[in-house]
Amino acid sequence: MCLAAAAPLLPAQAATKVSTYEQAQASLNDEGYLLFIYGQGWDKRSKELTTALYNSPAIAKAAGGSVMMLVPLPESMDEAQKAEFDKVMGKLQLPHVHSKHSFPAVVLYDKTGRQYSIICGPAMVQPDPERIAFTISRRKAGLVKQLGLMAQADKAQGEERARLLLQACRVDNLERPDRVKDLIKQADPEDKAGCLAALNFHNNPVGDAAKDMPLAELLTEMDKAIANPLHTVQQKQNACAFTIGSIRRRAGAGGSDLIRKYALLMKNLDPDSVLGRSADVVLRDWTQGLQYVRGWSMETLPLANMPTELQGRLPIGPAGTYKLHFKPTGGNKAIITRVALYDGDTLLSEDVRTTEIADNGQDHFYTMTAPAEVKKPRVLITFGNEENNRNTRGQFNITKD
């Protein structure tokens, strides 16, 4: 069915060059328009580069049966210039003022005049005709795919139609079909397939309610969003970034282990994207966690009931009994529920009991036992302070009996 729908769009003739929209109508076919737009009077270099692309044999080959137009765009227009520009553009519209675009640009329109893609930005700074031609070919192939999905959707109903419409929105580097939200609503009014929610999803599934939700509940909802197969990689990365920000605002460095988890996930989803690369900065600057030499504070206190590793050089080595001392230095009570000693990934001992520690000068400690020399000592501490009870600070000290 896709191949049948795509057949009319396969190149059957050479691209036609025209000067105005009215002239284009005589040669218009299913392959639509290719507009090469440059800054007239305010970007002399762009006129040279765009004209070279317009006249490139490689570009003409990639354009296939599309109608090509070279369009000068003045920075500001008087009445005469506007009338001339409107004559050139006809019913075609420039990219929306709020869209991510710049000029010079190659703008692709389908035969109805809908802008379905744009090539601009870095690719047009020093544009290579062969590379731009390749990109044009890919975008035109994307249109074939999108129209094929729309043709399938026209023959389907209900949730299946909604899913096909959503797929049509997800063709790489293409704009969504017109009125697609309304079409999905009509196909699946109760959104049983979740397609409308997926299409509208940006970074979290609960909107403004996120700020009032307990962090644990929010993380549950975010995990569902990140695992949702209807969400794109970009949407999942946006969800990871939102989750990282939420943890950071509420728990500071105390949420380091969770921040590390979502930063790594964000990176693994697409290491070369902006958010994928930013994960390295998050891991470097926001995952310090509990530090043995610095103690704990409101900014570094781990989330409740989350075992968190004590970072730093720990004075643990020879076999024997060690004590991890907690000395509060201010704020409210610190609640300790577990201290565990590991050698690498091997659990050696744990002291599990709940102690509320106040700043009263008493010595509070948890016991750790090493049956043999510990080569890679790791200590994991579990605090029980809830999200609204984090105002506590203190120092750690490890001694050996």
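To start, this report covers the structure provided alongside it. Nothing here was measured: the structure is a model prediction, and the numbers come from that model.

Before going further, it helps to spend a moment on the sheet that holds strand E10 (residues 346-357). Sheets are built from strands that pair by backbone hydrogen bonding, the pairs being arranged parallel or antiparallel. Read across the open sheet, the five strands follow the order E6-E7-E12-E9-E10; overall the sheet is mixed. Sheet topology places strand E6 (290-291) and E10 at the edges, where each strand pairs with a single neighbour. Taken together, the two bridges between E6 and strand E7 (residues 308-311) define a ladder with parallel strand orientation. Across the sheet, residue Leu290 finds its bridge partner in E7, namely Leu310.

What follows concerns the pattern of salt bridges. Under the counting rule described, the total for this entry stands at 19 salt bridges. Note that Glu350 is salt-bridged to Arg338, the shortest N-O span being 2.8 Å. Pair noted here: Glu350 is in strand E10 and Arg338 is in strand E9 (residues 334-343), with a separation of 12 residues, a long-range link. Relative accessible area serves as the criterion here: at 42%, Glu350 is assigned to the partly exposed category. A single network of salt bridges, built from pairs that share partners, joins Glu159, Glu160 and Arg163.

Within the element layout of this structure, Arg139 appears in helix H6 (residues 129-154). Glu175 provides the closest opposite charge to the buried, unpaired Arg139, separated from it by 8.4 Å. Once residues within four sequence positions are removed from consideration, Arg139 is found in contact with Leu108, Tyr116, Ser117, Ile118, Ile119, Asn173 and Leu174.

Counting buried residues in strand E5 (residues 115-119) gives five out of five residues, a clear majority hidden from the surface. The loop that links strand E4 (residues 105-109) with its antiparallel partner E5 comprises five residues; one of these, Gly113, has a positive phi angle of about 95°.

Relative orientation of the contacting elements helix H11 (residues 233-251) and helix H13 (residues 274-285) amounts to 25°, with a least axis distance of 11 Å. One way to sum up the angle between H11 and H13 is to call them roughly parallel. In the packing of H11 onto H13, the handedness of the crossing is left-handed. In this structure, H11 contributes Gln234, Gln237, Asn238, Ala241 and Ile244 to the contact, and H13 contributes Leu275, Gly276 and Val282. Taken together, the residues of the contact of H11 with H13 sort by class into four nonpolar, four polar and no charged.

Okay, the sheet that holds strand E8 (residues 320-331) next. Spatially, the three strands line up as an open sheet ordered E11-E8-E13, and their pairing is antiparallel. Each edge of the sheet is formed by a strand with only one pairing partner; in this case those strands are strand E11 (364-370) and strand E13 (392-400). Here the average twist between neighbouring strands, direction ignored, is 20°. Here E8 runs beside E13; their pairing, made up of nine bridges, is antiparallel. Bridge pairing in E13 links Gly331 to Thr392.

Basis of the calculations
Residues numbered from 1 in each chain as written. Predicted model: local features only at pLDDT ≥ 70, side-chain atom pairs only at ≥ 80, totals over all residues. Heavy atoms only, no water. Pairing = 2+ DSSP bridges. Helix = DSSP H or I, 4+ residues; strand = E, 2+ residues; numbered from the N terminus. Salt bridge = Lys/Arg side-chain N within 4 Å of Asp/Glu carboxyl O. Buried < 20%, exposed > 50% of the residue type's maximum accessible area, 1.4 Å probe, protein only. Lys, Arg positive; Asp, Glu negative; His and termini not counted. Contact = heavy atoms within 4.5 Å. Axes fitted to C-alpha atoms, helices over the stretch in contact; angles between N-to-C directions. Parallel < 35°, antiparallel > 145°, perpendicular 65-115°, else oblique. Left-handed = near helix turned anticlockwise from the far one by under 90°. Nonpolar A, V, L, I, M, F, W, Y, C, P; charged D, E, K, R; others polar.

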